[in-house]
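# Observations on the three-dimensional arrangement
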Amino acid sequence: MFSLERTTLTEYLISQRRQHPGATGEFNALILQVAQACKAISRAVAHGALGGVLGSLETENVQGETQKKLDVLADEIFERATHWGGTLAGMMSEENEETIRIPDGHKLGKYLLSFDPLDGSSNIDVNVSVGSIFSILRAPTPGEHAKPEDFLQAGVKQVAAGYAIYGPSTMLVLSVGNGVAGFTFDPIIGDFFLTHPDIRIPAATQEFAINASNSRFWESPVRRYVEECLAGKSGPRGKDFNMRWVASLVAETHRILTRGGVFLYPRDRKDPSKPGRLRLLYEANPIGFLIEQAGGRASTGMLPVLEVEPESLHQRIGFVFGSSEEVERIERYHAEPLFNSETHELPLFHARGLFLTT
């Protein structure tokens with residue numbers, strides 16, 4: 001039942017702003033514009049086939065991926081909702097090869113917005129939860145049009161990050177650098193209300209998520225970790241694990257923020273030209289920011305992902321995140337010399353094992 005005592009997203013942002021007496025309000029305005037975009041995308045996703053927005057187009061994005069109708073629509077919604085407010089110096093998105101210039105005639109602000117307008121869109125046609133991911137940085141030259149290199153900032157420099165998940169209910173999960181808060185959308189009133197005020201990830205877990213179809217391409221430390229989890233109580237970990245895989249980064253993140261777990265989309269040998277599959281600036285960095293703010297750990301498998309210095313706008317990277325004890329274990333396996341060598345394997349992987357390499 002709706003309660004008048006619930007805090008709205010606007011009220012939450014105002015309370016956060018009071019901790020910074022010199023704040024101008026631009027930051028809050030930008031987040032509210034992003035929230036407005038998420039509301040519109042939520043409506044489009046909810047209409048599904050009734051709105052004529054399902055299915056694919058005959059076009060590809062910069063990643064070489066076939067675009068869904070909703071990919072393009074969501075991208076346009078994000079641009080329209082945020083370009084006019086005077087808070088941005090520039091934008092970039094998964095769906096655009098180049099950065100997005102703020103149209104002439106609009107005031108230029110002091111922030112940069114990076115976003116994946118519709119993460120998990122391959123699941124749209126089968127009605128699985130999808131979402132939007134966003135990251136906010138400070139512009140190096142406020143009031144001027146952003147240059148592509150302005151976006152190449154390490155994740156630790158983010159001032160805010162979050163995602164919206166479009167599932168049984170629409171939620172906005174946000175961090176402005178002071179923990180993680182979750183807001184549930186009330187479609188009748190048309191506003192986000194604070195329902196999860198201090199999201200924390202437990203340090204330990206018995207649940208992991210990985211795409212097992214890529215097992216033949218995994219590096220040794222990853223195969224070791226998965227084999228040990230699957231061995232259960234009789235193996236070296238001494239406890240049973242459950243395995244999950246949704247193929248939607250937002251859905252995987254939301255599950256881990258809700259009940260713990262670890263997610264692995266590691267670097268592998270499937271395509272040596274790609275040092276990972278997920279994009280650093282608008283997937284790994286914002287999700288990593290949320291995970292760290294919630295007490296978890298986000299890593300490339302070898303070092304904190306938020307410390308990686310970006311080299312290109314659409315850079316890909318290996319990504320492991322979730323409950324800190326598990327991520328630290330995976331990092332430790334990568335650091336052990338035996339597992340850094342491509343020519344030495346543990347005997348477990350030579351003669352037996354679910355993920356035996358041929």
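Residues numbered from 1 in each chain as written. Predicted model: local features only at pLDDT ≥ 70, side-chain atom pairs only at ≥ 80, totals over all residues. Heavy atoms only, no water.

The number of helices and strands found in the protein is nine helices and 16 strands. For the protein, the proportion of its 358 residues judged to be buried stands at 54%. Long-range contacts, defined here as pairs at least 24 residues apart, represent 65% of the contacts in the protein between residues at least 6 apart. A total accessible area of about 15,700 Å² is found for the protein, and carbon and sulfur atoms account for 51% of it. (Helix = DSSP H or I, 4+ residues; strand = E, 2+ residues; numbered from the N terminus. Buried < 20%, exposed > 50% of the residue type's maximum accessible area, 1.4 Å probe, protein only. Contact = heavy atoms within 4.5 Å. Areas by Shrake-Rupley, 256 points an atom, 1.4 Å probe, with all protein chains shown as cover.)

What follows deals with the sheet that holds strand 9 (residues 191-196). With mixed pairing, the seven strands of this open sheet are ordered in space as 3-4-5-6-7-8-9. Looking at which strands have only one partner, the edges of the open sheet turn out to be strand 3 (88-93) and strand 9. Neighbour-to-neighbour, the strand axes of this sheet turn through a mean angle of 20°, independent of strand direction. Pairing of strand 7 (residues 170-175) with strand 8 (residues 181-186) involves four bridges; the strand directions are antiparallel. Paired with leucine 174 across the strands is alanine 181, a residue of strand 8. With respect to the sheet, helix 5 (residues 249-259) is in contact with strand 4 (111-119), strand 5 (130-138), strand 6 (160-166) and strand 7, its orientation differing from that of strand 6 by roughly 105°. (Pairing = 2+ DSSP bridges. Axes fitted to C-alpha atoms, helices over the stretch in contact; angles between N-to-C directions.)

All right, on to the environment of isoleucine 41 then. Tracing the backbone shows isoleucine 41 in helix 2 (residues 26-47). On the accessibility criterion, isoleucine 41 (0% relative accessible area) is buried. For isoleucine 41 and proline 117, which are 76 residues apart along the polypeptide, the C-alpha to C-alpha distance reads 8.7 Å. Once residues lying within four places of it in the same chain are set aside, the contact partners of isoleucine 41 are Ala74, Ile77, Phe78, Pro117, Leu118, Ser132 and Tyr166.

Turning next to the environment of glycine 90. If you trace the backbone, glycine 90 turns up in strand 3. Separated by 49 residues in sequence, glycine 90 and alanine 139 have C-alpha atoms that sit 8.3 Å apart. With residues up to four places along the chain from it excluded, the contact list for glycine 90 reads Ile100, Ile102, Tyr111, Leu112, Leu113, Ala146 and Phe151.

So, about the nonpolar core. Membership of the largest hydrophobic core comes to 44 residues, with the highest contact counts inside it found for Leu113, Leu118, Ile136, Leu172, Leu174 and Phe183. With 11 residues, the single largest contributor to this core is helix 2. For leucine 113, the residues in contact, after removing those within four places along its chain, are Val34, Phe78, Thr82, Leu88, Gly90, Met91, Met92, Phe134, Ser135, Ile136 and Phe151. By size, the runner-up hydrophobic cluster in this structure holds 29 residues, among which are Val173, Leu278, Leu280 and Leu290. (Core = buried A, V, L, I, M, F, W, Y, C linked by side-chain atoms within 4.5 Å.)

Moving on to the confidence of the model for the protein. When the pLDDT values of the protein are averaged, the result is 89; 87% of them are 70 or greater. Counted against residues more than four places away or in other chains, residues 339-358, with its pLDDT under 50, gives 38 contacts. (pLDDT = per-residue confidence, 0-100.)

Moving on, we come to the environment of leucine 152. Inspection of the secondary structure assignment puts leucine 152 in the loop between strand 5 and strand 6. A relative accessible area of 26% means that leucine 152 is categorised as partly exposed. For leucine 152 and glutamine 315, which are 163 residues apart along the polypeptide, the C-alpha to C-alpha distance reads 9.9 Å. Residues in contact with leucine 152, not counting those within four places in the same chain, are Leu281, Pro310, Glu311, Ser312 and Leu313.

The subject of this paragraph is the layout of surface pockets. Volume-wise, the second largest pocket comes out at about 380 Å³. Across the lining of the second largest pocket, the residue classes tally to eight nonpolar, seven polar and four charged. (1 Å grid on protein atoms, 1.4 Å probe; cavity = no way out; pocket = protein on both sides within 12 Å on 5 of 7 lines; lining within 4 Å. Points joined across faces, edges and corners; volume = space filled by probe spheres on them. Nonpolar A, V, L, I, M, F, W, Y, C, P; charged D, E, K, R; others polar.)

All right, on to the sheet that holds strand 10 (residues 207-209) then. With mixed pairing, five strands are arranged side by side in an open sheet as 11-10-12-16-14. This sheet does not close on itself; its edge strands, each paired only once, are strand 11 (242-244) and strand 14 (297-299). On average, each strand axis in the sheet is inclined to that of its neighbour by 15°, with strand direction left out of account. Bridge count for strand 10 against strand 12 (residues 262-265) is two bridges, and the pairing is parallel. Each residue of the ladder has a partner; that of alanine 209, found in strand 12, is phenylalanine 263. Relative to the sheet, helix 6 (residues 280-293) contacts strand 14 and strand 16 (319-322), its axis offset from that of strand 16 by approximately 25°.

All right, on to the packing of aromatic side chains then. Counted by the stated rule, this structure contains 11 aromatic pairs. Measuring from ring centre to ring centre gives 6.4 Å for phenylalanine 208 and tyrosine 225, while their planes differ by 80°; the resulting arrangement is edge-to-face. Here the residue phenylalanine 208 occupies a position in strand 10, and tyrosine 225 occupies one in helix 4 (residues 220-230), the gap between them amounting to 17 residues. According to the relative accessible area criterion, phenylalanine 208 is buried, its value standing at 1%. For tyrosine 225, a relative accessible area of 0% gives the class buried. One aromatic cluster is present, formed by Trp245, Phe263, Tyr265, Phe319 and Phe321 through successive ring pairs. The ring of tyrosine 333 is capped by arginine 224, whose NZ or CZ atom sits 3.8 Å from the centre of that ring. (Phe/Tyr/Trp six-rings, centres within 6.5 Å; stacked < 30°, edge-to-face > 60°. Lys NZ or Arg CZ within 6 Å of the ring centre and 35° of its normal.)

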